[in-house]
Amino acid sequence: MTSTVRHYYAGGNTAKGFYSLYDSVLEGLDRIYILKGGPGTGKSSLMKKIGRLMEGKKLDVEYLHCASDNNSIDGVILPEWKIGIVDGTAPHVIEPKAPGVIEEYVNLGVAWDSSKLVEHKDEILALNQKISEKFNKAYDTFAASLRAHDDIEEIYISNMDFSKANQLTENIISRFYEEQSLEKVPNIQHRFLGAATPDGAVDFIQNLTADIEKRYFIKGRAGSGKSTMLKKIVTAGEERGFDVEVYHCGFDPNSLDMVILRELGIAIFDSTAPHEYFPDRETDEVIDMYETCITPGTDEKYAADIERTTKAYKDKMKEAISYLAEAKQLRDQLEAYYIEAMDFNKVIQITREIMNKIELFISDK
């Protein structure tokens with residue numbers, strides 16, 4: 001028996017600013033360890049170590065990746081035991097609902113030498129300010145990119161047959177659920193399958209669908225109804241009592257990119273750039289929204305407008321990513337001050353204490 005390891009994001013750098021889905025991701029957990037401490041204090045390394053140890057014990061593990069640092073994670077979850085360890089510092093501050101009962105704070109600040117940090121007070125404050133400015137620039141630029149994306153969508157929306165889109169969605173819902181329903185309260189979880197990061201767009205679609213029997217790849221253009229279809233599939237699943245994993249768009253969190261119905265062995269996702277994939281299993285199937293719902297010849301008729309708006313969208317996306325990369329470079333400089341002030345032997349001891357508490361919690365269940 002091997003463990004199932006899944007990767008996704010609970011927060012993202014989006015056109016709406018930093019967007020958190022932590023409340024949904026952590027909902028229903030019985031024990032949550034909230035890590036506090038500055039950058040470079042070992043939070044990510046601590047969580048990775050515990051995740052690897054739990055994988056070694058053949059437990060299922062979920063890693064919540066950091067959208068602002070491709071090498072870091074923001075959390076690790078043991079779903080079968082309803083245990084989570086998360087970075088509770090800004091921008092994903094987590095407010096406990098039952099402190100001491102469910103949530104427990106873990107302060108890694110006990111491992112630093114404050115006097116060494118005070119020596120660099122001005123540099124630390126200046127870096128924090130610069131980092132904040134870079135993120136704000138990134139968010140403003142993502143918003144400008146979304147406006148350009150909306151212009152692309154308008155072209156296709158104005159050439160869309162909504163009756164065909166509705167009929168296609170109804171057919172898919174009927175195919176997925178048939179006459180089935182479950183007599184239970186469904187578990188609806190909201191996540192991000194990917195994110196805009198300092199290294200560009202990253203997604204975990206292949207990992208999340210690795211054990212799914214039937215995958216549907218939605219092809220189409222911006223504004224061809226992909227997200228609307230997914231939202232209706234979510235609603236239908238919830239009404240029928242099925243658990244639903246709802247994956248939001250890392251660029252526009254109001255849109256959906258993927259839905260997974262694990263009880264039915266089904267995944268359906270937007271398979272267009274920047275997360276474009278093609279069928280590689282016999283059971284994979286393509287759903288082409290452009291071919292089904294958009295007036296033939298639309299691409300050709302509006303080629304000049306599409307090229308112009310697409311360029312504006314891509315240029316702004318590239319610019320926004322550059323600000324994330326600059327913020328990452330500044331954050332690396334900030335982390336260096338904290339790393340220099342840390343006693344990582346104390347962090348190792350804290351890691352052991354958390355592991356002992358988790359093992360005790362599991363053994364008492």
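All residue numbers here refer to positions counted from 1 along the written sequence of the relevant chain. Local features in a predicted model are, by the rule used here, given only for residues with pLDDT of at least 70; side-chain atom pairs are given and counted only at 80 or more, and totals for whole chains, interfaces and linings are based on all residues. Values shown for side chains rest on all heavy atoms present in the structure; no hydrogens or waters enter the calculation.

1. Some details on unusual backbone geometry
- Of note, the bond from Ala90 into Pro91 is cis; its omega dihedral lies within 30 degrees of zero at 10 degrees.
- With an omega dihedral of 10 degrees, the bond running from Ala273 to Pro274 counts as a cis peptide bond.
- Helical segments are the DSSP runs of H or I of at least four residues, strand segments are the runs of E of at least two, and each set is numbered from the N terminus. Inspection of the secondary structure puts Pro274 in the loop between β15 (266–270) and β16 (285–288).
- Phi at Lys58 is positive, roughly 65 degrees, even though this residue is not glycine.
- Among the structural elements, Lys58 can be located in the loop between α2 (43–56) and β5 (61–65).
- Lys58 gets classed as partly exposed once you look at its relative accessible area, which sits at 43%. Under the scheme applied here, a residue whose accessible area is under 20% of the maximum for its type counts as buried, over 50% as exposed, and between as partly exposed, the area being computed with a 1.4 Å probe on protein chains only.

2. Topic: the packing of α2 against helix α11 (residues 344–364)
- Every angle, taken between N-to-C directions, lies between 0 and 180 degrees, and every axis is a line fitted to C-alpha atoms, over only the stretch in contact when it is a helix. Contact geometry of α2 with α11 gives a least axis separation of 10 Å together with a crossing angle of 40 degrees. Comparing their axes, α11 and α2 come out oblique. The two elements α2 and α11 meet at a crossing, and its hand is right-handed. Within the contact between the two elements, α2 uses Leu46, Lys49, Ile50, Leu53 and Met54 and α11 uses Val347, Ile350, Thr351, Ile354, Met355 and Ile358.
- Throughout, the ten residues Ala, Val, Leu, Ile, Met, Phe, Trp, Tyr, Cys and Pro are labelled nonpolar, Asp, Glu, Lys and Arg are labelled charged, and all others, Gly among them, are labelled polar. Its residues assigned to classes, the contact of α2 with α11 comprises nine nonpolar, one polar and one charged. Throughout, the term roughly parallel applies to angles under 35 degrees, roughly antiparallel to angles over 145, roughly perpendicular to angles from 65 to 115, and oblique to all others. Left-handed describes a crossing whose near helix is turned anticlockwise from the far helix through less than a right angle; right-handed describes the clockwise counterpart. Residue contacts are defined here by distance: any two heavy atoms, one from each residue, within 4.5 Å place the two residues in contact.

In short, shape yes, function no, at least from these values alone.
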